[in-house]
Amino acid sequence: MTTLLKETLKHSSIYLPTPARITAVKDLTALEKLFTIELPSGFSLNHRPGQFVQISVLGVGEAPISISSSPSRSNGSFEVCVRRVGSVTNAMHALKPGAMLGLRGPFGRGFPVERFRGKDILFVPGGLGLAPLRSLINEVLDERGKYGRVIILYGTRTPADILFRDEIAQWQQRTDIEFHMTVDRPDESWTGNVGVITTLFPKIQIHPRNMVAVVVGPPVMYRFVLMELLGKGIAEGNIWFSFERHMKCGVGKCGHCQMHHIYTCQDGPSFSYAEIKHLEEAL
Amino acid sequence: MSFKIMPKAALPDWVTWLKNRYRVVGPTARQGQYVFAEIASPDELVLDYPTSVLPPKKYLLPQRETLFTFDAQSMQMKANIEWEPTVILGVHTCDMHAIRLLDKVHATGYTDQHYQAHRQHTTLVSIECLSPCMEHSFCKSMGTLTVPEDYDLHLTDLGDSYGVDVGSEKGEALLQGFTAIWDPTSEDYQRINKVMAEKWPRFSYRLNFDVTELPDLLALSNNSSLWNELGDICLGCGQCTKVCPTCYCFDVRDEVDLSLTKGERTRTWDSCQIDRFATVAGGHNFRSTRALRNRHRFMRKGKYHLEAYGLIGCVGCGRCAAACLVHITPVDTFNELYRRHKKGELLEEAKQA
Ligand SMILES: Cc1cc2nc3c(=O)[nH]c(=O)nc-3n(C[C@H](O)[C@H](O)[C@H](O)COP(=O)(O)OP(=O)(O)OC[C@H]3O[C@@H](n4cnc5c(N)ncnc54)[C@H](O)[C@@H]3O)c2cc1C
Ligand code: SF4
Ligand code: SF4
Ligand code: FES
């Protein structure tokens, strides 16, 4: 048994991907698809929630994509949720089960899950942020007893943008998860909460001393959610984000993801607010 | 390791001798400027050149480099690690300091084997600068006016001969079997001491403060209006980063042949001064203005690199200043920040932000 990262490091070039096969493709929304990718036999992914892989469509290019399945559900194969926005992501959307991709990674620093044990966890995914956060949410749910309360506040632009509907239906039914959802713009069928994600905060009780918050979403969302969380008294070191930056290499060389002296692909993408609050460009 | 003397008359023979064993690269004259190029015959080499348009970095990080070749149909991929035993002659000490930083960057965290292969098979023959190379250089201010510790061979022009400092086994190998060198006499030692002592006064400090104060100055400058003033005139052309010996950022592209299945993944130099450098999907640009991009470049040179790699990111070569059509220069930028700092303006602007 070897890991994908060990294989990546064994290559004579750190930029050389390992081939892997798509085994399933599922439409989640008009823009997002969920891909199941099978590792070569004898390989494990061995990732931490919050880490990403570099996915290649040979001839088109490479893109950093978060691992969406939890570690315990990523043996032999794992899932990524991809929004089509440009050349690589559109090329991926055109692929059918059986097609081959290239993989490098997993890269980056994931969330320090051990430090979350015994605490209440507040997940705040916005939009596509649920894709990476799902890896951590399911990790926590897989070992539910090790954590305190589990609260999920999920916001999307419209009801049509809601990801992972089947899983959300299960979360809504579970009594050991507090789940709330909102959309910015409702359609005729929508009966739930309307408004930006911060409108969900009054619905939950927060005991800040024992709480970790994990926020993943579009860049514009972070400031508002942060104000809310700090206002509730959650410690700066217990507020976690995942930062998206333009990334080309994933290994701290190309410079694209640089944020101050930090390479987001190496020291991140997960950061606590305490770690980045002095960095002008971070939020 | 040791110190030798090579008469200037022996230089052509040495170059020819090296050419039998290595690809030999050095400064050559091209249309009134100097460029590092492969030396076809010893008389092309100009060791007392002022400065070169591009730094010798291009032999370690080519402007375009194939990372691997692939066949998208069969998923065959083959890494392309290129190297050629190379000697680079006449590297100025600022460029030596820059290569030291590049070495650090490419060995920190994950190793970049492509850089490593070029670097391991390259021997650097540096040369002591005895007078300023051009109006824009400020090596004395940056502490790069003499060679860093890890050199291979280092030359000092002693008039009719070169003093040759041997700093590594790689450097020593360039002299192995070449007989027209000898051990220095006490006169030679006197001469090199005189040459060195005479050199320092020819250079002036161009920063109005000590370089060790630069990181703190920049830390205070985040909200300075100077960045907007630079942003207003900057063309966003990226020339400054292209000519910089410590810039290494790259873009990655796939290029396919007509079959549309066979191709190669390449990397090419990129620039943080170009608009889309930090744009992510959805259109958010983390450095959306030229002001922010200028700030990023100068912060990187004077502060971030020091924090990340322990070495300052600007070696004072002056190339970016010479290349900039609108005369944005590190010396003027840093001095202007310092002037505003002394007047208390930086603190004022920081408070307002
Ligand atoms: C750590 C990390 C995790 C990510 N996880 C996911 C995920 O789980 N699912 C998902 O759908 N997307 C994810 N992304 C975003 C994804 O990487 C980009 O959408 C993708 O790189 C765009 O590539 P493209 O070739 O399709 O688009 P392009 O044709 O290259 O460009 C489209 C737009 O995307 C921007 N862009 C281009 N390359 C990158 C890049 N390497 N990184 C960021 N922006 C880029 C361009 O500036 C442009 O605005 C993640 C990004 C990061 C940094
Ligand atoms: S060379 Fe001058 S004009 Fe061009 S990007 Fe650099 S600072 Fe701006
Ligand atoms: S920033 Fe300018 S002066 Fe400094 S090393 Fe780069 S090109 Fe030379
Ligand atoms: S993605 Fe290249 S340095 Fe981080």
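Small disclaimer: the values here were computed from a predicted structure and weren't measured.

## Structural notes on the overall build of chain B
Next, step 1: Counting its secondary structure elements, chain B contains 13 helices and eleven strands.
Next, step 2: Taken along the three principal axes of its C-alpha coordinates, chain B extends 65 × 65 × 40 Å.
Next, step 3: Sequence-distant contacts, at least 24 apart, represent 73% of the contacts inside chain B between residues at least 6 apart.
Next, step 4: As presented, chain B carries roughly 15,300 Å² of accessible surface, and 51% of it is formed by carbon and sulfur atoms.
Next, step 5: Within chain B, the 44 negative side-chain charges are centred at a point lying 4 Å from the centre of the 40 positive side-chain charges.

## Here's the deal with the interface of chain B and chain A
Next, step 1: At the interface, 46 residues of chain B touch 41 residues of chain A.
Next, step 2: Taking both partners together, chain B and chain A bury about 3,700 Å²; carbon and sulfur atoms supply 59% of that area.
Next, step 3: Broken down residue by residue, the surface that chain B buries against chain A is led by M75, Y110 and F286 of chain B, which jointly contribute 20%.
Next, step 4: On the surface where chain B and chain A come into contact, there are two salt bridges.
Next, step 5: Linking K248 of chain A and D251 of chain B is a salt bridge whose minimum nitrogen-to-oxygen distance equals 3.9 Å.
Next, step 6: At the boundary of chain B with chain A, the tally comes to 22 residue pairs in polar contact (both at pLDDT 80 or more).
Next, step 7: Every element with two or more residues in the side of chain B that touches chain A is listed here: β4 (64–71), β5 (76–79), α2 (93–107), α3 (113–120), β10 (250–256), β11 (262–269) and α10 (290–309) of chain B.
Next, step 8: Among the elements that make up the side of chain B that touches chain A, the one with the highest residue count is α10 of chain B (seven residues).
Next, step 9: Classifying every residue of the side of chain B that touches chain A by side-chain character gives 23 nonpolar, ten polar and 13 charged.

## A word on the environment of T144 of chain B
Residues and elements named next belong to chain B.
Next, step 1: Tracing the sequence through the fold places T144 in the loop between α4 (139–142) and β8 (153–157).
Next, step 2: Judged by its relative accessible area of 3%, T144 is buried.
Next, step 3: In this structure, the C-alpha to C-alpha distance between T144 and T93, residues 51 residues apart in sequence, is 6.2 Å.
Next, step 4: Contact partners of T144, with chain neighbours within four places excluded, come to T93, C94, H97, C139 and V315.

## Side note on the site of ligand 2
Next, step 1: The environment of ligand 2 is made up of C234, L235, G236, C237, G238, Q239, C240, Q273, R297, C324, V326 and I328 of chain B.
Next, step 2: Looking at the shell around ligand 2 residue by residue, the classes come out as seven nonpolar, four polar and one charged.

## Description of the site of ligand 1
Next, step 1: In the neighbourhood of ligand 1, 21 residues make up the surrounding shell, with P64, C81, R83, T89 and M247 of chain A lying closest.
Next, step 2: Bordering ligand 1 are residues originating from chains A and B.
Next, step 3: In the environment of ligand 1, an oxygen atom lies 2.7 Å from a nitrogen or oxygen atom belonging to the backbone of R83 of chain A.
Next, step 4: A distance of 2.5 Å separates an oxygen atom of ligand 1 from a polar side-chain atom of T89 of chain A.
Next, step 5: Relative to its unbound accessible surface of 860 Å², ligand 1 loses 86% to contact with the protein.
Next, step 6: Mapped onto the shell around ligand 1, the elements with two or more residues apiece are β6 (61–66), β7 (77–83) and α2 (87–93) of chain A.
Next, step 7: Residue contributions to the shell around ligand 1 peak at four residues, all from β6 of chain A.
Next, step 8: In terms of residue class, the shell around ligand 1 is built from twelve nonpolar, six polar and three charged.

## Quick look at the confidence of the model for chain B
Next, step 1: Across chain B, the average pLDDT comes to 93, with 100% of residues at or above 70.
Next, step 2: Interface predicted TM-score (ipTM) for the complex: 0.89; the corresponding pTM is 0.91.

## Thoughts on the sheet that holds strand β9 (residues 161–166) of chain B
Residue and element names in this part refer to chain B.
Next, step 1: Spatially, β1-β9-β8-β7-β6-β2-β3 is the arrangement adopted by the seven strands of the open sheet, whose pairing is mixed. The open sheet terminates on both sides in strands that have one partner only, identified here as β1 (2–7) and β3 (33–38). Each adjacent strand pair in this sheet contributes to an overall mean axis angle of 25 degrees, direction not counted.
Next, step 2: As paired strands, strand β6 (residues 86–92) and strand β7 (residues 122–127) are joined by six bridges and run parallel to one another. Paired with L89 across the bridge in β7 is V125.
Next, step 3: Of the strands in this sheet, β6, β7 and β8 touch α2, which is tilted by about 125 degrees from β6.

## What about the nonpolar core?
Soluble globular proteins: nonpolar side chains tend toward being buried together.
Next, step 1: Core analysis: the biggest nonpolar cluster contains 61 residues, and F116, L122, F123, L136, W171, V214 and L229 of chain A have the highest contact counts within it.
Next, step 2: At seven residues, helix α4 (residues 130–142) of chain A tops the list of elements feeding residues into this core.
Next, step 3: When residues are assigned to domains, this core turns out to be shared by domain 1 (3–106) and domain 2 (113–276) of chain A, each giving three or more.
Next, step 4: Core analysis: the second largest hydrophobic core is formed by 48 residues, C257 of chain A together with F68, L124 and V243 of chain B among them.

The rules behind each value
Here the residue index of a chain counts from 1 through its sequence in written order. Whichever chain is written first becomes A and whichever ligand is written first becomes 1, with later ones labelled in order. Given that this is a predicted model, residues contribute local features only at a pLDDT of at least 70 and side-chain atom pairs are listed and counted only at 80 or more, while totals for whole chains, interfaces and linings are drawn from all residues. Only hydrogens and water are set aside when side-chain values are computed; all heavy atoms of the structure are taken into account. Per the convention used, a helix needs a DSSP run of H or I reaching at least four residues, while a strand needs a run of E reaching at least two, with both numbered from the N terminus. The contact criterion used throughout is that any non-hydrogen atoms of two residues lie within 4.5 Å. All accessible-area figures derive from a Shrake-Rupley calculation using a 1.4 Å probe, and residue coverage is judged against the displayed protein chains alone. For this count, His and the chain ends are skipped, Lys and Arg are scored as positive, and Asp and Glu as negative. Where a charge lies is defined by one atom per residue type: Lys uses NZ, Arg uses CZ, Asp uses CG and Glu uses CD. Buried area: the accessible surface (1.4 Å probe) lost by two parts on joining, summed over both. Just to be clear on terms, a salt bridge is a Lys or Arg side-chain nitrogen sitting within 4 Å of an Asp or Glu carboxyl oxygen. Throughout this description, a polar contact denotes any pair of N or O atoms lying within 3.5 Å of each other; where both atoms belong to protein, one of them has to be capable of donating a hydrogen while the other can accept it, and for residues adjacent in sequence the pair is counted only when both atoms sit in side chains. Ten residue types, Ala, Val, Leu, Ile, Met, Phe, Trp, Tyr, Cys and Pro, are classed as nonpolar, four, Asp, Glu, Lys and Arg, as charged, and the remainder, Gly among them, as polar. Summary of the burial criterion: residues with accessible area below 20% of their type's maximum are buried, those above 50% are exposed, and those between are partly exposed, where the area comes from a 1.4 Å probe applied to protein chains only. We call a residue near a molecule or strand whenever a single non-hydrogen atom of that residue lies within 4 Å of it. pLDDT expresses, on a scale from 0 to 100, how confident the predictor is about each individual residue. At least two DSSP bridges between two strands are required for those strands to pair. Axis definition: a line fit to C-alpha positions, over the contact stretch in the case of helices; interaxial angles, taken between N-to-C directions, run 0 to 180 degrees. Only buried residues count toward a nonpolar core. Its members are Ala, Val, Leu, Ile, Met, Phe, Trp, Tyr and Cys residues joined through side-chain atoms within 4.5 Å. Start and end positions for the domains come from either an automated domain assignment or a database one.

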